[in-house]
Amino acid sequence: MTAKHALPSMNALWMPFTANRRYKRDPIMFEAAHGMHYVLAGGRRVLDATAGLWCVNAGHGRESIADAIAAQSRKLQYISTFQVGHPLAFEFAERLADLAPGDLNHVFFTNSGSESVDTALKIALAYHKALGNGGRTRFIGRERAYHGTGFGGLSVGGIGVHRRPFGHLLPGVDHLPHTYDHRQQAFSNGEPSWGAHLAEDLVRLIQLHDASTIAAVIVEPVAGSTGVLPPPAGYLKRLREICDQHGILLIFDEVITAFGRLGHAFAAERFGVQPDLITCAKGLTNGAIPMGAVIVDRKIHEAIVQGPENSIELPHGYTYSGHPVACAAGLASLDLYLGERLFERSAALETFWADRAHALKGLPNIRDIRTIGLLAAIEFEPRPGGPGQRAYETMRKALEKGLLVRTSGDQILLSPPLVVREDQIDEMFGVLADVVAALD
Ligand SMILES: Cc1ncc(COP(=O)(O)O)c(C=O)c1O
């Protein structure tokens, strides 16, 4: 894919979530990106149907973000936010709190989605402890969930192949069933009408473990990495009701869904369900600098931030929490999202996007297509004896035709930057239709 003479030595780098030996045999090397396009080493442009890794929501190479990073980097490259501070961290937190729905008005900064999830879980424990309910230590995650790779996120996560090499993980975690049933939901556009009853499994888990042992339920509003599984209509509302009845916190992991992916700043708004904590990352800085955040309800903050004024209320944080350059990138990203009305743009494109995606139905080997917001999954029937091959071959052939998509098992996952145009959406599904039609 990339001219061999242009390649650096590839021995030392152990690549994350990559078939390292296969990659290094036939590497794909990128060297630049602007707007909706990446540029491969050698100069070929490819249309980005992935927003990087679900993160470059305002498109690539945005000048205002680059300028903000450069300016902040010249002014103050580093100061911690442990017992000292700098204005941008406070300003960015205020802006995020204003953007977040309801009483979600306190922000804890991290450096990634994984750290945001671990932080949210720890805040949930600390909240119950502060209220005198230290026995509430159990977490409820969900099958097929992806919450990152920290021990906390992996423990509440539900993707078996990610968990298997790593032993017992956190004790005291249980999982709701995932919400996907092919017979009931195939080719769904938006929230499937079947499946709200699956929220009742939370009642079953509460009967099993007792509410007094459960700290929090964590779900992705739309399960992303596992293959874009929109929630059944009414499911999230019912989870909220059950959590309220039993004093259990509800965490929405919005690492993918925040910042316009579903046509709103947060998925919580789209689904009309108010969580107690939101985790985010990715689009927080348009992918330009690593950063994450946990946005926390007032009641949780009030419960924890009390006691003697000179005590550290929450013994938690990261060297780079609220990093000045990351905050500058985040503020510039927010300015772009709001200034260019990208959340509204995403909402306005949703029907066009879904129509084009579902037009692939009927092509050979396609088992399912699911869409919501500017997200889509195209799932193949696995090739006998070769699971995952059809998706991988589709990804490589699409790349040869100038389109970047990503794979997960036997699925193609699509999440374009929100600046995508209709003709570019046509191009994406046109390339995919050609590639899939020729696939055996
Ligand atoms: C819902 C969700 N949570 C957490 C994460 C982990 O984020 P990171 O890779 O930044 O640690 C991801 C990453 O894709 C995600 O999709």
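What counts, and at which threshold
- Residues numbered from 1 in each chain as written.
- Predicted model: local features only at pLDDT ≥ 70, side-chain atom pairs only at ≥ 80, totals over all residues.
- Heavy atoms only, no water.
- Helix = DSSP H or I, 4+ residues; strand = E, 2+ residues; numbered from the N terminus.
- Expected span 1.5 Å × (residues − 1).
- Buried < 20%, exposed > 50% of the residue type's maximum accessible area, 1.4 Å probe, protein only.
- Arc of directions from axis to C-beta.
- Contact = heavy atoms within 4.5 Å.
- Pairing = 2+ DSSP bridges.
- Axes fitted to C-alpha atoms, helices over the stretch in contact; angles between N-to-C directions.
- 1 Å grid on protein atoms, 1.4 Å probe; cavity = no way out; pocket = protein on both sides within 12 Å on 5 of 7 lines; lining within 4 Å.
- Points joined across faces, edges and corners; volume = space filled by probe spheres on them.
- Nonpolar A, V, L, I, M, F, W, Y, C, P; charged D, E, K, R; others polar.
- Near = heavy atom within 4 Å.
- Polar contact = N/O pair within 3.5 Å; in protein donor to acceptor, adjacent residues only side chain to side chain.
- Areas by Shrake-Rupley, 256 points an atom, 1.4 Å probe, with all protein chains shown as cover.
- Domains from an automatic or database assignment.
- Buried area = accessible area lost by both parts, 1.4 Å probe.
- Salt bridge = Lys/Arg side-chain N within 4 Å of Asp/Glu carboxyl O.
- Phe/Tyr/Trp six-rings, centres within 6.5 Å; stacked < 30°, edge-to-face > 60°.
- Lys NZ or Arg CZ within 6 Å of the ring centre and 35° of its normal.
- Core = buried A, V, L, I, M, F, W, Y, C linked by side-chain atoms within 4.5 Å.

Caption draft 1: Quick look at helix α4 (residues 87–99). With 13 residues, α4 should reach 18 Å at 1.5 Å per residue; the first-to-last C-alpha distance of 19 Å fits that figure. Within the span of α4, buried status applies to Leu-88, Ala-89, Phe-92, Ala-93, Leu-96, Ala-97 and Leu-99. Across the axial projection of α4, the buried residues extend over an arc of 165°, all falling on one side. Residues of α4 that are exposed and point more than 90 degrees away from the buried face comprise Pro-87, Phe-90, Glu-94 and Asp-98. Of the surrounding secondary structure, the elements contacted by the buried residues of α4 are α3 (63–75), β4 (104–110), α13 (324–339) and α14 (342–358).

Caption draft 2: Fine view of the sheet that holds strand β2 (residues 37–40). Strands sit in the order β1-β2-β3-β13 across an open sheet of four strands; the sheet is mixed. Of all strands in the sheet, those bounded by a partner on one side alone are β1 (30–34) and β13 (403–404). Sheet topology places β1 next to β2; four bridges connect them, and they run antiparallel. When the sheet's bridge partners are listed, Ala-32 is paired in β2 with Val-39. Running over the sheet, helix α16 (residues 422–437) touches β2, β3 (45–48) and β13 and is turned about 105° from β3.

Caption draft 3: The arrangement of the layout of surface pockets in detail. Approximately 1100 Å³ is the volume attributed to the second largest pocket. Every residue lining the second largest pocket is counted, 28 residues in all, and those nearest its centre are Thr-81, Val-107, Phe-108, His-301 and Glu-313. Among the elements of the structure, α4, β4 and α12 (298–304) are those that each provide at least two residues to the lining of the second largest pocket. Here the lining of the second largest pocket is composed, by residue class, of 16 nonpolar, ten polar and two charged.

Caption draft 4: Representation of the site of the ligand in the model. Surveying the vicinity of the ligand reveals the residues Ser-112, Gly-113, Ser-114, Tyr-146, His-147, Gly-148, Glu-220, Ser-225, Asp-253, Val-255, Ile-256 and Lys-282. Gly-113 is positioned such that a nitrogen or oxygen atom in its backbone is 2.8 Å from an oxygen atom of the ligand. Ser-114 places a polar side-chain atom, nitrogen or oxygen, 2.6 Å from an oxygen atom of the ligand. Its free accessible area being 390 Å², the ligand has 84% of it covered by the protein chains. For the shell around the ligand, the class distribution of residues is three nonpolar, six polar and three charged.

Caption draft 5: The arrangement of the domain arrangement of the protein in detail. Segmentation of the protein into domains returns domain 1 (4–58 + 341–437) and domain 2 (66–339). For domain 1 versus domain 2, the separation of C-alpha centres amounts to 26 Å. Taken together, the 37 residues of domain 1 in the interface contact 40 residues of domain 2. Summed over both sides, the interface of domain 1 with domain 2 buries roughly 3100 Å², with 59% coming from carbon and sulfur. A salt bridge links Arg-270 to Glu-350; the shortest N-O distance between them is 2.8 Å. When its residues are assigned to classes, the side of domain 1 that touches domain 2 shows 22 nonpolar, eight polar and seven charged.

Caption draft 6: Focus on the sheet that holds strand β15 (residues 411–414). Spatial strand order, β11-β12-β15-β14: four strands in an open sheet with antiparallel pairing. Each end of this open sheet is capped by a strand with a single partner; those strands are β11 (366–372) and β14 (406–408). The mean angle between the axes of side-by-side strands here comes to 20°, regardless of whether they run parallel or antiparallel. Note that β14 and β15 share three bridges and pair antiparallel. In the sheet register, Thr-407 faces β15, and the bridge partner there is Ile-412. Sitting on the sheet, helix α15 (residues 389–400) is in contact with β12 (375–380), β14 and β15, with an inclination near 45° to β15.

Caption draft 7: Spotlight on the packing of aromatic side chains. Enumeration according to the criterion identifies eight aromatic pairs in this entry. Measuring from ring centre to ring centre gives 6.0 Å for Tyr-78 and Tyr-320, while their planes differ by 80°; the resulting arrangement is edge-to-face. Taken together, the residues Tyr-78 in the loop between α3 and α4 and Tyr-320 in the loop between α12 and α13 connect sequence positions 242 residues apart. Judged by relative accessible area, which is 36%, Tyr-78 ranks as partly exposed. On the accessibility criterion, Tyr-320 (47% relative accessible area) is partly exposed. Here a set of aromatic residues connected by ring pairs shows up, and it is made of Phe-259, Phe-266, Tyr-337 and Phe-343. In this arrangement the basic side chain of Lys-361 is found over the ring face of Phe-187, its NZ or CZ atom lying 4.6 Å from the centre. Just above the ring of Tyr-180 sits the side chain of Arg-370; from NZ or CZ to the centre is 4.7 Å.

Caption draft 8: View of helix α10 (residues 235–246). Taking 1.5 Å per residue, twelve residues should reach 16 Å; α10 reaches 17 Å between its end C-alpha atoms and fits that length. Among all positions in α10, only Tyr-235, Leu-236, Leu-239, Arg-240, Ile-242 and Cys-243 are buried. Buried residues of α10 fall within an arc of 170° about the axis and therefore sit on the same side. Facing away from the buried side of α10 by over 90 degrees, the exposed positions are Asp-244 and Gln-245. Elements in contact with the buried residues of α10: β5 (138–142), β6 (173–176), α9 (201–209), β7 (214–219), β8 (249–253) and α11 (267–271). Of the residues one or two after α10, Gly-247 is the one with positive phi, at around 65°.

Caption draft 9: Main features of the nonpolar core. Core analysis: the biggest nonpolar cluster contains 110 residues, and Phe-259, Phe-266 and Leu-414 have the highest contact counts within it. Here the element with the most residues in this core is α13; it accounts for ten residues. Split by domain, the residues of this core number at least three in each of domain 1 (4–58 + 341–437) and domain 2 (66–339). Beyond its immediate sequence surroundings of up to four residues, Phe-266 is in contact with Leu-99, Ala-100, Pro-101, Glu-254, Ala-258, Phe-259, Ile-278 and Ile-295. By size, the runner-up hydrophobic cluster in this structure holds 22 residues, among which are Phe-108, Ile-123, Val-156 and Ile-304.

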